[in-house]
Each structure stands twice: as structure tokens, then as C-alpha cells.
Amino acid sequence: RTLFDLPLRGCKGLVADPLGLLGFDLDAPDYSTLSRRGNTLDVKLPHYKRRENIWMVVDSSGLKIYGEGEWKVRMHGIGKRRTWRKLHIAVNADSGEIEAGVLTTADVHDSEVLDDLLSGKEGQVEAVAADGAYDTRDGYQSISRIGAKAVIPPRRGARIWEHGNGPGPPVQRDENLRYIRKHGRKKWKEESGYHRRSLAETGIFRIKTIFTDKLRSRTFDNQATEAFLRLSLLNRMTAPGMPESYPVDA
């Protein structure tokens with residue numbers, strides 16, 4: 001379903017004017033029409049370089065929405081109240097494509113949406129790399145369900161969950177923690193490939209640089225549509241290829 005499935009009623013507004021200036025006699029929806037239809041738009045993320053055994057890197061960041069606080073600042077210069085939405089993304093570390101995205105309110109913990117980000121990825125993902133915010137039992141269970149390796153640094157002062165007397169295999173987190181205790185956190189990051197997680201931060205940076213760090217829609221459904229359209233467009237930009245960087249001897 002697209003925004004233009006229904007017959008248009010009037011072509012007033014900012015959208016139609018540029019078409020007239022360009023000499024095109026075309027019908028175009030106005031802003032209100034786009035807003036009403038936006039919350040029903042089903043956005044699919046295009047994938048151009050899908051492959052097996054991918055490394056998935058996960059991160060989240062806040063996107064600002066225009067709320068009551070900003071209006072008060074403009075009118076009275078006081079009483080600023082910041083309102084945010086949180087965008088969670090899973091990025092293919094090999095191709096740079098965004099594999100999945102979820103938009104939530106600001107109070108949702110990162111590990112709570114990991115199941116949604118990894119849904120349907122059984123057998124495709126070799127490893128999932130994420131920061132310490134995902135160091136929870138739910139986070140490790142979500143990764144274990146798709147048969148992938150968890151590359152998550154245990155938090156400072158972390159303790160072993162299972163001491164070898166459980167019914168199942170050792171928890172991946174405990175193996176990571178034992179390796180860190182023996183060899184150090186720096187060596188674990190180098191050996192595990194954890195540094196690839198920074199590619200998720202690069203994805204967040206690209207989204208905010210190209211599309212800004214604000215959502216313009218007023219309702220949550222429209223904000224989700226707006227966010228997913230950005231992810232879809234970013235994948236189209238990524239399709240021709242990403243730059244390759246490597247050290248050069250002076």
C-alpha cells in the first residue's frame with residue numbers, strides 16, 4: 001500500500017506549488033493528506049547484499065520530537081521539556097546495510113527490543129556485537145535463540161551467572177567474563193572482534209547527519225513511518241558500495 005492509493009481531494013499546499021512552477025500538470029497530495037496516510041504506510045527495508053553468516057552490530061540513539069516544551073521556549077523562553085523517541089538499529093557489519101529497525105519511547109531498555117531486531121534471522125547471523133547495555137539475560141537469550149555468538153562486554157564488576165553446575169551449556173557471557181579475567185578486557189575486544197560494533201555507531205551518525213536528529217511527525221505511528229523511511233533511503237544510498245579505508249605508510 002502506498003500514500004497514493006486513494007483519490008486525491010485538492011492539490012493545495014506546499015507540495016503542489018513546486019510542480020506548477022516546474023510546468024507539470026500533475027495531481028499531488030498536500031501535507032495533511034500525506035500525514036493522514038503516513039501512519040498506514042508499510043515500509044520495507046530493501047536489502048541488496050543479503051548473505052549468510054553475517055556479523056550483526058546493534059546500537060540505539062535518541063531522536064528529538066517537537067513537543068510542548070519547545071513551543072514554550074519559543075514563546076516565553078522558559079520551561080523547556082525535552083521529548084525523545086529511541087531508534088534501535090541492527091547493521092550488517094560487512095555491507096553497512098541496516099538489517100532491522102525499531103522505534104520506541106525513550107523509557108524502553110535496549111535489550112527489550114533485541115528480539116524484534118533479530119526476528120527471522122535464524123541461521124543467517126554468525127555473531128551479534130553490542131555494548132554493555134545489552135549485558136542482560138534477556139539479551140543473551142535473544143542471541144542464543146538464533147544460534148549466534150554474543151559479543152557483548154560484561155559490565156564492570158560482573159559476576160559469573162552459572163558455575164558449571166547448570167543443566168545446559170555454559171552461558172556465552174560467562175565464557176567472555178572468564179577470558180577477560182585471565183587476559184584482560186583489551187585483549188578480549190581484539191580477539192572477539194568487538195571493535196566492529198563501532199559500525200553501528202557509524203550507522204547512527206549517518207542517519208542523523210543526512211536526515212537530522214529530529215522527527216517532524218506528531219503521532220507515534222507517523223514518527224515510526226518517518227524513521228523507517230530514513231532507514232530505507234539509507235540502504236538505497238549504501239547499495240552502490242561503501243568507502244574502504246586502510247592505513248597508509250608515511
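The rules we used
- Residues numbered from 1 in each chain as written.
- Predicted model: local features only at pLDDT ≥ 70, side-chain atom pairs only at ≥ 80, totals over all residues.
- Heavy atoms only, no water.
- Buried < 20%, exposed > 50% of the residue type's maximum accessible area, 1.4 Å probe, protein only.
- Helix = DSSP H or I, 4+ residues; strand = E, 2+ residues; numbered from the N terminus.
- Pairing = 2+ DSSP bridges.
- Expected span 1.5 Å × (residues − 1).
- Core = buried A, V, L, I, M, F, W, Y, C linked by side-chain atoms within 4.5 Å.
- Contact = heavy atoms within 4.5 Å.
- Axes fitted to C-alpha atoms, helices over the stretch in contact; angles between N-to-C directions.
- Parallel < 35°, antiparallel > 145°, perpendicular 65-115°, else oblique.
- Nonpolar A, V, L, I, M, F, W, Y, C, P; charged D, E, K, R; others polar.
- pLDDT = per-residue confidence, 0-100.
- Phe/Tyr/Trp six-rings, centres within 6.5 Å; stacked < 30°, edge-to-face > 60°.
- Lys NZ or Arg CZ within 6 Å of the ring centre and 35° of its normal.
- Patch = residues over 30% accessible without salt bridge, like charges linked within 9 Å, V, L, I, M, F, W, Y side chains within 5 Å.
- Areas by Shrake-Rupley, 256 points an atom, 1.4 Å probe, with all protein chains shown as cover.
- Salt bridge = Lys/Arg side-chain N within 4 Å of Asp/Glu carboxyl O.

On to the pairing of strand β3 (residues 98-105), then. Of all 8 residues in β3, 6 are buried, a share of seventy percent or more. Across 7 bridges, the pairing between strand β2 (residues 84-92) and β3 is antiparallel. Bridging across to β3, L87 finds its partner in L103. Here β2 folds back onto β3 in antiparallel fashion, the turn holding 5 residues, of which G96 has a positive phi close to 85°.

Despite not being glycine, T212 shows a phi value in the positive range, around 75°. Residue placement: T212 occurs in the loop between α8 (198-211) and β6 (214-215). By relative accessible area, which is 30% here, T212 ends up partly exposed.

This paragraph deals with helix α9 (residues 220-238). End to end, α9 covers 27 Å across 19 residues, agreeing with the expected 27 Å (1.5 Å per residue, within 8%). For α9, every residue scored as buried is listed here: N222, Q223, A224, T225, E226, A227, R230, L231, S232, L234, N235 and T238.

Turning next to the nonpolar core. Among the nonpolar cores identified, the biggest contains 25 residues, and L87, I89, I98, V151 and I207 are the most heavily contacted of them. Mapped onto this core, the elements with two or more residues apiece are β1 (54-65), β2, β3, β4 (125-129), α8 and α9. The contacts of I89, once residues within four sequence positions are left out, are V57, V58, D59, I98, A100, G101, L117, A200, G203, I204, I207 and L231. If you look at the next biggest cluster of nonpolar residues, it comprises 21 residues, including I54, V113, I143 and A148.

A word on the packing of helix α6 (residues 172-183) against helix α7 (residues 185-192). It is at 7 Å that the axes of α6 and α7 come closest, and there the two elements cross at 125°. One way to sum up the angle between α6 and α7 is to call them oblique. Listed contacts from α7 to N176, Y179, I180 and H183 of α6 are R185, K187, W188 and E191. Residues of the contact of α6 with α7, tallied by class, amount to 3 nonpolar, 2 polar and 3 charged.

Per-residue confidence for the protein chain gives a mean pLDDT of 81, with 81% of residues at or over 70. Note that pLDDT drops below 50 for residues 1-16; the model gives that stretch 29 contacts with residues more than four away or on any other chain.

Right, let's talk about the environment of A150 for a bit. Assignment of secondary structure puts A150 in strand β5 (residues 149-151). Separated by 21 residues in sequence, A150 and A129 place their C-alpha atoms 6.3 Å apart. If we ignore the near neighbours within four places in the chain, the residues touching A150 are V128, Y140, I143, Q172 and N176.

What follows is about the packing of aromatic side chains. Using the criterion set out here, one finds 2 aromatic pairs in the structure. Ring centres 5.7 Å apart and planes at 85° place the aromatic pair Y140 and W161 in the edge-to-face group. Taken together, the residues span a long stretch of sequence, with Y140 in helix α5 (residues 137-145) and W161 in the loop between β5 and α6 at a distance of 21 residues. Residue classification places Y140 among the buried positions, given a relative accessible area of 6%. Classification of W161 as partly exposed rests on a relative accessible area of 21%. Measuring from ring centre to ring centre gives 5.8 Å for W188 and Y194, while their planes differ by 35°; the resulting arrangement is tilted. For the pair W188 and Y194, one class covers both residues: buried. A cation over a ring is seen here: R137 above W161, with NZ or CZ 4.4 Å from the ring centre. A cation over a ring is seen here: R173 above W161, with NZ or CZ 4.1 Å from the ring centre.

On to a nonpolar patch on the surface. A surface patch of nonpolar side chains, amounting to about 340 Å² of accessible area, comprises L22, F24 and L26. Under the relative-accessibility criterion, L26 is labelled exposed at 51%.

So, on to the packing of α8 against α9. Contact geometry of α8 with α9 gives a least axis separation of 11 Å together with a crossing angle of 105°. Our classification of the angle between α8 and α9 gives roughly perpendicular. For the pair formed by α8 and α9, the contact residues are G203, R206, I207, I210 and F211 on the first element and R230, L231, L233, L234, M237 and T238 on the second. Among the residues forming the contact of α8 with α9, the class breakdown is 7 nonpolar, 2 polar and 2 charged.

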